[in-house]
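Chain residues, written in single-letter form:
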Amino acid sequence: MKTAAPFTRPVTGSLRVATALFPFLAAMAVVAGIHHKVADRLTDPLATHFDIRGKADGFTSVQGFLTGTLLILVLLGAGSAVFVGRKRPAPAARWVIGTGWGIAATVALPTSLTLLANAHADRAESARLPLWELAAVLAAGVAAGALGWLLAGPEPRPQPPRPGAAPRLALGAGERAGWTRTVGSPLLSAVGLLTVCGGLFLGITADWFTGGVLLASGAAVGAVTSVRVTVDRRGLALAPALLPYAFRRVPFDRVAEATSRNVHIATEFGGWGYRVRHNRSGLVLRSGEGLVLRLHSGREFVVTVDDAATAAALFNTYLDRARPSRGD
Amino acid sequence: MLFRVDPSSAVALGDQIAAAVRGAIADGSLHAGERLPAGRELAASLGVNVHTVLRGYQRLKEEGLIELRRGRGAVVTDAVSPGRARLGEAAERLIAEARRLGLSDDEIVGVVRTGLGLAGN
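Residues numbered from 1 in each chain as written. Chains lettered and ligands numbered in written order. Predicted model: local features only at pLDDT ≥ 70, side-chain atom pairs only at ≥ 80, totals over all residues. Heavy atoms only, no water.

Draft legend 1. Main features of the pattern of salt bridges. Tallied over the entire structure, the rule returns 20 salt bridges over all chains. Measuring nitrogen to oxygen at the nearest pair gives 2.9 Å for the salt bridge that ties R286 of chain A to D306 of chain A. Separated by 20 residues along the polypeptide, R286 of chain A in the loop between β9 (280–284) and β10 (288–295) and D306 of chain A in the loop between β11 (300–304) and α8 (308–322) bring together distant segments of the chain. On the accessibility criterion, R286 of chain A (24% relative accessible area) is partly exposed. Taken together, the salt bridges that share partners define one network made up of D15, R22, R59, E63 and E92 of chain B. (Salt bridge = Lys/Arg side-chain N within 4 Å of Asp/Glu carboxyl O. Helix = DSSP H or I, 4+ residues; strand = E, 2+ residues; numbered from the N terminus. Buried < 20%, exposed > 50% of the residue type's maximum accessible area, 1.4 Å probe, protein only.)

Draft legend 2. Highlighting the interface of chain B and chain A. Listed as interface residues are 18 residues of chain B and, on the opposing side, 21 residues of chain A. Area buried by chain B at its contact with chain A is led by L2, R4 and S45 of chain B, which between them contribute 29% of it. At the boundary of chain B with chain A, the tally comes to one salt bridge. Between E175 of chain A and R4 of chain B there is a salt bridge, and its shortest N-O distance comes to 3.1 Å. Inspection of the chain B/chain A interface yields 11 residue pairs in polar contact (both at pLDDT 80 or more). For the side of chain B that touches chain A, the secondary-structure elements that each account for two or more residues are β1 (2–5) and α2 (39–46) of chain B. (Contact = heavy atoms within 4.5 Å. Buried area = accessible area lost by both parts, 1.4 Å probe. Polar contact = N/O pair within 3.5 Å; in protein donor to acceptor, adjacent residues only side chain to side chain.)

Draft legend 3. Spotlight on the domain arrangement of chain A. Partitioning chain A into structural domains gives domain 1 (13–152) and domain 2 (179–185 + 225–322). On a C-alpha basis, the centres of domain 1 of chain A and domain 2 of chain A stand 48 Å from each other. (Domains from an automatic or database assignment.)

Draft legend 4. Layout of the packing of aromatic side chains. Residues and elements named next belong to chain A. Under the counting rule described, the total for this entry stands at four aromatic pairs over all chains. Summarising the aromatic geometry, the rings of F22 and W101 are spaced 5.6 Å apart at their centres and angled 40° between planes, so their arrangement reads as tilted. Remark: W101 occurs in helix α3 (residues 93–120) and F22 occurs in helix α1 (residues 13–38); sequence separation between them is 79 residues. Here W101 falls in the buried class, since its relative accessible area comes to 10%. Among the aromatic residues, ring-to-ring pairing joins F252, F315 and Y318 into one connected group. The ring of W149 carries the charged tip of R94 above its face, separated from the ring centre by 3.5 Å. Positioned above the aromatic ring of F269, the side-chain terminus of R280 is 6.0 Å from the ring centre. (Phe/Tyr/Trp six-rings, centres within 6.5 Å; stacked < 30°, edge-to-face > 60°. Lys NZ or Arg CZ within 6 Å of the ring centre and 35° of its normal.)

Rendered as structure tokens:
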């Protein structure tokens, strides 16, 4: 069995929630512990704000200061844990955990230093907190953030499905089939139309260069607002619904397997349109059912379209035909 | 929607394409106002002659299921309903059954006319 090195193995589920929660609990424990230790030496109110030379210039009651700090830690900790613990894999959860560690440190350390500074002074007015200590706090915060980021581990990857498990469409030996469907976005077509109108207006009133740029980008947006998706004996093709010329083709020899699944475009693509991300690209005009092609390169090509299951089944059938030498 | 054609079948390819569209309307996967792929596109997709596709589209037009307009292509008519498409499928089955029995086209029309006459009385 292959064992992954520490920090490269995805940390999942409740362990990840614990990783997100831990720094806030630790911060509360540190603040409460230090307060408990120095409580009898504290004056009320405390010096809680210091000028640039480190002299006290703001004061808060002990109870208000502690309640405020602990409340911030409780709220941030709960928010972080809920975000990381959601059922749907949260985007960039690793960064949220790292940021949580950093914030917990930059809240707990100044609070603790303030308590200690007050405890060492006989009067609140004479408490001092030099600026370099704050710089040290910031550095410690960054270090804590980095540690949290490492402990959180990489984002869990969805388990790749077993090859050959995807459904096929039963097709007779000499039979041919083609699946086609249009997918559109009314919002995007409105954007395209507005851009074209803006281009015309600029072209007439100002200059045709700027107007031309707007016209061209409006037309490019318009080209993907209503797209005909076709799966046939040549592979997958995307073409503007009004023009019979495909702007994107995926032939069979690039594809390992086709599947259909629910695509959530906000977390997977960060928006709609023709999107390219580091591990997947595709045309996503809405969330929901989508055709997903797993490419040999390890990337995914995604098109959100209704009835994607039929398209995937047909794609796999043709994929089998394209490589008849497969042993199974 | 899914088009499937089998060149080894006795049914003409154009009729197979028409049957695919009819079936898609009947089972609700193709709705009124939806555009069918252009004849040239579909022909390239299925590897058949463009005239074969257009023959199938012409047939659907005669049945009142689609409209063919220059420049707009083939669009499922607004008035179309799954029930109307199923009626076309029933007619297809009637004709196929009658041909199997060796009836001529006139005799098939006669069967329907007799049925209409009986229903009228």
